Amino acid sequence: MRVLTHGDLVTRKSYNHDVLFRVFSIEGSTVKLIGEDIRLQADAPLEDLKKVSGSEYEERKSHINKQEACSYRLFRQDYRLLKEKREVEAGGGYEELEEKSNYFQISPRILHIDGDPLFLKKCVQLYEQLGLQVHGQYIQEKNMPSEVPALVQKIHPEIVVLTGHDAYSKAKGSVRELDSYRNSKYFVEAVRNLRQDYPHFDHLVIFAGACQSHFESIIKAGANFASSPARVNIHAIDPVYVAARVAYTSFMDHINIWEVVRNTISGEKGLGGLQTRGLLRIGMPYSEDVEK
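Residues numbered from 1 in each chain as written. Predicted model: local features only at pLDDT ≥ 70, side-chain atom pairs only at ≥ 80, totals over all residues. Heavy atoms only, no water.

Novice: Can you tell me about the layout of surface pockets, naming the residues and giving the values?
Specialist: There is about 470 Å³ of room inside the largest pocket. Taken together, 20 residues form the lining of the largest pocket, with F24, I34, Q41, Q140 and E141 sitting closest to its centre. Listed by contribution, the elements that provide at least two residues to the lining of the largest pocket are strand 2 (21-27), strand 3 (30-35) and helix 3 (117-129). Ranked by residues supplied to the lining of the largest pocket, first place goes to strand 2 with three residues. (1 Å grid on protein atoms, 1.4 Å probe; cavity = no way out; pocket = protein on both sides within 12 Å on 5 of 7 lines; lining within 4 Å. Points joined across faces, edges and corners; volume = space filled by probe spheres on them. Helix = DSSP H or I, 4+ residues; strand = E, 2+ residues; numbered from the N terminus.)

Novice: Please give an account of helix 3 that cites residues and values.
Specialist: Between its terminal C-alpha atoms helix 3 stretches 18 Å, which fits the 18 Å expected from 13 residues at 1.5 Å a residue. Of all the positions in helix 3, only F119, L120, C123, V124, L126 and Y127 are classed as buried. Seen along its axis, helix 3 keeps its buried residues to an arc of 160 degrees; they face one direction. Away from its buried face by more than 90 degrees, helix 3 exposes L118, K121 and E128. Looking one or two residues beyond helix 3, the residue adopting positive phi is G131, at roughly 80 degrees. (Expected span 1.5 Å × (residues − 1). Buried < 20%, exposed > 50% of the residue type's maximum accessible area, 1.4 Å probe, protein only. Arc of directions from axis to C-beta.)

Novice: Outline the nonpolar core, listing residues and values.
Specialist: Among the nonpolar cores identified, the biggest contains 43 residues, and L33, Y127, L130, L132 and I159 are the most heavily contacted of them. No other element matches helix 7 (residues 238-247), which puts seven residues into this core. Setting aside its immediate chain neighbours within four residues, Y127 contacts I110, H112, L132, V134, V161, P239, V240 and A243. Judged by nonpolar contacts, the second largest core, of 25 residues, contains V152, I155, F215 and A221. (Core = buried A, V, L, I, M, F, W, Y, C linked by side-chain atoms within 4.5 Å. Contact = heavy atoms within 4.5 Å.)

Printed below as a string of structure tokens:
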């Protein structure tokens, strides 16, 4: 095999080339890997890796692009339904809806903290595509417990996303043990630290976790939503759709968990959470001085 370098795309022979990784670092004969499209972190021996050719990469990327496009399309359909509901409520249910629906909306501030700078850039682009304002910040998972609380106090978001990479290792212990996971303990500690200052689940909505994360511990620490109930891999952009669903749901409504996860690529095996109130507020009448 050709010599690998940082950023090369590879698959693992022992896992039947199921996941596309990029090389993060090489330490002797051990290679640290980061998922190219999923939030998984892994180690592999050099001899277990196969470098991905350009044609294979394009084929895999085409499949991922189709999944992402489908997820985006489904979310836009839901968004239109939510928008129609808001217009009916703003118009008082009158038939002359267009005349009555001169409302404006105030969407919540989102703070997206990511342990992967490339995924962070991709997620921020998606938030903007969905019409949401977001502050994105790259922080390594191990530093999230100490750095996140101060950043939240500075930004004052209503929604916080804590994500990056994670993985369960059977060699480290039982699936129930937090120490068996690469980064779950950092997500748990960061969430717990935030809840000390922001105990109300409807005032600060928190999503936390990545691939195969210890879902139960993250929820018990105080997250509204987390991954991964079935310890499966989650797609890089899945946390965005969770945050967007909360952001576009009226504060008058509670969110059905299934409505949150159904448009994600990972689905209910990868994401779950608690019944949570939406955070969007509408007002009337519309004024040119008020930003939609």
